[in-house]
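Listed here are the chains, written in short residue letters.
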Amino acid sequence: MLTVGVDLAAEAVRTAVAWLDWRDGRATLVRAETAADDALVVEAVEAVGAVGAVTDAGKAGIDCPLGWPDRFVDFVAAHRAGHVRVPEGLAGRAWRRDLALRVTDQVVHERTGLTPLSVSADRIGHATMRCAALLAELARRGRPVDRGGGGAVVEVYPAACLKQWGLPYRGYKRAANLVELGRLVDRLLAEAPWLDLGPYERLCRASDDATDAVVSALAARASALGLVTVPEPHQAGPAATEGWIALPTAPLARLAGSRDTG
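What counts and how
Per chain, the residues get numbers from 1 upward, laid out in the order the sequence is written. Predicted model: local features are reported for residues with pLDDT of at least 70 only, side-chain atom pairs are reported and counted for 80 or more only, and whole-chain, interface and lining totals are derived from all residues. Here the side-chain values reflect all heavy atoms present in the structure, with hydrogen atoms and water set aside. For the purposes of this entry, the term helix denotes a DSSP run of H or I that reaches at least four residues, the term strand denotes a run of E that reaches at least two, and both are numbered from the N terminus. Relative accessibility under 20% of the residue-type maximum defines a buried residue, over 50% an exposed one, and the middle range a partly exposed one, all with a 1.4 Å probe and only protein chains included. A residue counts as positive if it is Lys or Arg and as negative if it is Asp or Glu; His and the chain ends are not included. Note on definitions: salt bridges are taken to be side-chain nitrogens of Lys or Arg within 4 Å of carboxyl oxygens of Asp or Glu. Here, two residues are considered to be in contact whenever any of their heavy atoms come within 4.5 Å of each other. To pair, rings of Phe, Tyr and Trp, with the six-membered ring standing in for Trp, must have centres within 6.5 Å; the planes then decide the type, stacked if under 30 degrees apart, edge-to-face if over 60, and tilted in the middle. Here, any two strands with at least 2 DSSP bridges between them count as paired. Here the axes come from fitting lines to C-alpha atoms, over the contacting stretch only for helices, and the angles between their N-to-C directions go from 0 to 180 degrees. Roughly parallel means an angle under 35 degrees; roughly antiparallel, over 145; roughly perpendicular, 65 to 115; everything else is oblique. Here is the rule for handedness: rotate from the far helix to the near one, and if that takes an anticlockwise turn smaller than a right angle the crossing is left-handed, while a clockwise turn gives right-handed. Asp, Glu, Lys and Arg are counted as charged, while Ala, Val, Leu, Ile, Met, Phe, Trp, Tyr, Cys and Pro are counted as nonpolar; the rest, among them Gly, fall into the polar class. Think of a nonpolar core as a cluster: buried Ala, Val, Leu, Ile, Met, Phe, Trp, Tyr and Cys residues, connected wherever their side-chain atoms sit within 4.5 Å. Relevant arc is that of directions from the helix axis to the C-beta atoms, nothing else.

Undergrad: Can you help me understand the side chain of Asp 7 in this one?
TA: When you line up the elements, Asp 7 lands in strand E1 (residues 2-7). Buried and without a salt bridge, Asp 7 has Lys 173 as its closest oppositely charged side chain, separated by 5.3 Å. In this structure, Asp 7 is in contact with Arg 14, Thr 15, Ala 16, Asp 63, Asp 209, Asp 212 and Ala 213, ignoring residues within four places of it in sequence.

If you want it as structure tokens, here you go:
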């Protein structure tokens, strides 16, 4: 199996992609790229699921919202038409919460205590605009994406994955925190002795984007094995349009095994 992780930013300069080859109980980082442009991201996502020398029913994990809150979209449409109404009995953040946070964002907060950036109220919206264009290009090529995670692509959230796996999940971003990034890589390799970063280990220790891409590829593996959260029936509708963050539901060690059948 091949899994791909994409740490997607608004521009190529902060975007990284990682390719993990899974076989014989081990995972090998066979390629890692930073400053990834649109063409490279599309190429990487298209690679999963292809039958070839090293791939079989793979999955790509994208660290970026795959959509906007449904209620936010409705709100913007209503505002354009001049028909915005504030729900009775609510004020301030109470009525804006469902505009700022998707259903999956609220589920992640309930399960982990972490709150993903708001795609409708934070700068992550710029990355999501880029992501929307990439998803459209994949669809044009005959690779439509199930935003709920049921296909070859799944939305992931590295910080929540790291927390679920008992690893450091804060304080390792940006050049000023390279020491903490190195400690995260040390912990990751200690907890996953079956993971081989090969010649790309130096890159992971120098770039938090590359490390997040590796974590995203690990999360994609968890999804492929059925070891992540999936939408409940009443959440399926929003997940299909807003996106769904797949949270790991099993220890990191389980990723080296075969598909879960329990």
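Continuing now.
Undergrad: Hey, could you run me through the packing of aromatic side chains in this one?
TA: For any pair of aromatic rings, geometry is given as the distance between the ring centres together with the angle between the planes. For the structure shown, the criterion picks out 2 aromatic pairs. Plain terms: the ring middles of Trp 22 and Trp 194 are 5.6 Å apart, the flat faces sit at 40° to each other, and that makes the pair tilted. With Trp 22 in strand E2 (residues 16-23) and Trp 194 in the loop between helix H7 (178-191) and strand E6 (195-196), the pair connects residues that are 172 residues apart, well separated along the chain. The same class applies to Trp 22 as to Trp 194, namely buried.

Undergrad: When you look at the sheet that holds E1 in this model, what are you seeing that I'm missing?
TA: Each strand in a sheet pairs with another by means of backbone hydrogen bonds, the pair being arranged parallel or else antiparallel. Across the sheet, which stays open at both edges, the 6 strands sit in the order E5-E4-E1-E2-E3-E6 with mixed pairing between neighbours. At either end of the open sheet lies a strand with only one pairing partner, and these are strand E5 (153-155) and E6. Across 3 bridges, strand E4 (residues 59-63) lies against E5 in parallel orientation. Within E5, the residue paired with Ala 60 across the bridge is Val 153. Lying on the sheet, helix H1 (residues 38-47) is in contact with E1, E2, strand E3 (26-34), E4 and E5; it crosses E2 at an angle near 20°.

Undergrad: Would you explain the packing of H1 against helix H5 (residues 124-140) in this entry?
TA: Any two packed helices are characterised by the angle at which their axes cross and by the distance between the axes. At a closest axis distance of 10 Å, the pairing of H1 and H5 adopts a crossing angle of 50°. As the angle between them shows, H1 and H5 are arranged oblique. Of the two elements, H1 crosses H5, and the hand of that crossing is right-handed. Across the interface between the two elements, Asp 38, Val 41, Val 42, Val 45 and Glu 46 of H1 pack against Arg 130, Leu 134, Glu 137 and Leu 138 of H5. Tallied by class, the residues present in the contact of H1 with H5 amount to 5 nonpolar, no polar and 4 charged.

Undergrad: When you look at unusual backbone geometry in this model, what are you seeing that I'm missing?
TA: Most peptide bonds take the trans configuration, and most residues that are not glycine carry a negative phi. In this structure, Asp 24 takes a positive phi of about 55° despite not being glycine. Mapped onto the elements, Asp 24 comes out in the loop between E2 and E3.

Undergrad: Sorry, what's going on with the nonpolar core here?
TA: Side chains of a nonpolar character, in soluble globular proteins, are inclined to be buried together. Judged by nonpolar contacts, the single largest core of 41 residues is most densely connected at Trp 194, Leu 218, Leu 252 and Leu 255. By residue number, the principal contributor to this core is helix H9 (residues 208-224), which donates 9 residues. In this structure, Leu 255 is in contact with Trp 22, Trp 165, Trp 194, Leu 218, Arg 221, Ala 222, Leu 225 and Leu 227, ignoring residues within four places of it in sequence. Counting 25 residues, the second largest nonpolar core, distinct from the first, contains Val 6, Val 45, Ile 62 and Leu 138.

Undergrad: Which parts of the structure should I look at to understand helix H3 (residues 93-100)?
TA: For the α-helix, the turn length of 3.6 residues means that residues three or four positions removed from each other point alike. Of the positions making up H3, those classed as buried are Trp 95, Asp 98 and Leu 99. Along H3, the residues classed as buried sweep out an arc of 110° about the axis, all on the same side. Tucked inside the fold, the buried residues of H3 contact helix H2 (70-81) and helix H4 (103-112).

Undergrad: I keep staring at the pattern of salt bridges and nothing clicks. Help me out?
TA: Close approach of charged atoms allows side chains of opposite charge to pair. In the structure shown here, the tally under the stated rule is 17 salt bridges. For the salt bridge of Asp 208 with Arg 14, the shortest nitrogen-to-oxygen distance reads 3.3 Å. Within this pair, whereas Asp 208 is found in helix H9, its partner Arg 14 is found in the loop between E1 and E2, the two being separated by 194 residues in sequence. The class for Arg 14 is partly exposed, based on a relative accessible area of 29%. One salt bridge connects Arg 97 with Asp 98, and the closest N-O pair in it is separated by 3.5 Å. One connected set of salt bridges, linked through shared partners, spans Glu 46, Glu 137, Arg 140 and Arg 141.

The quantities given are spatial measurements derived from coordinates; they are silent on function.
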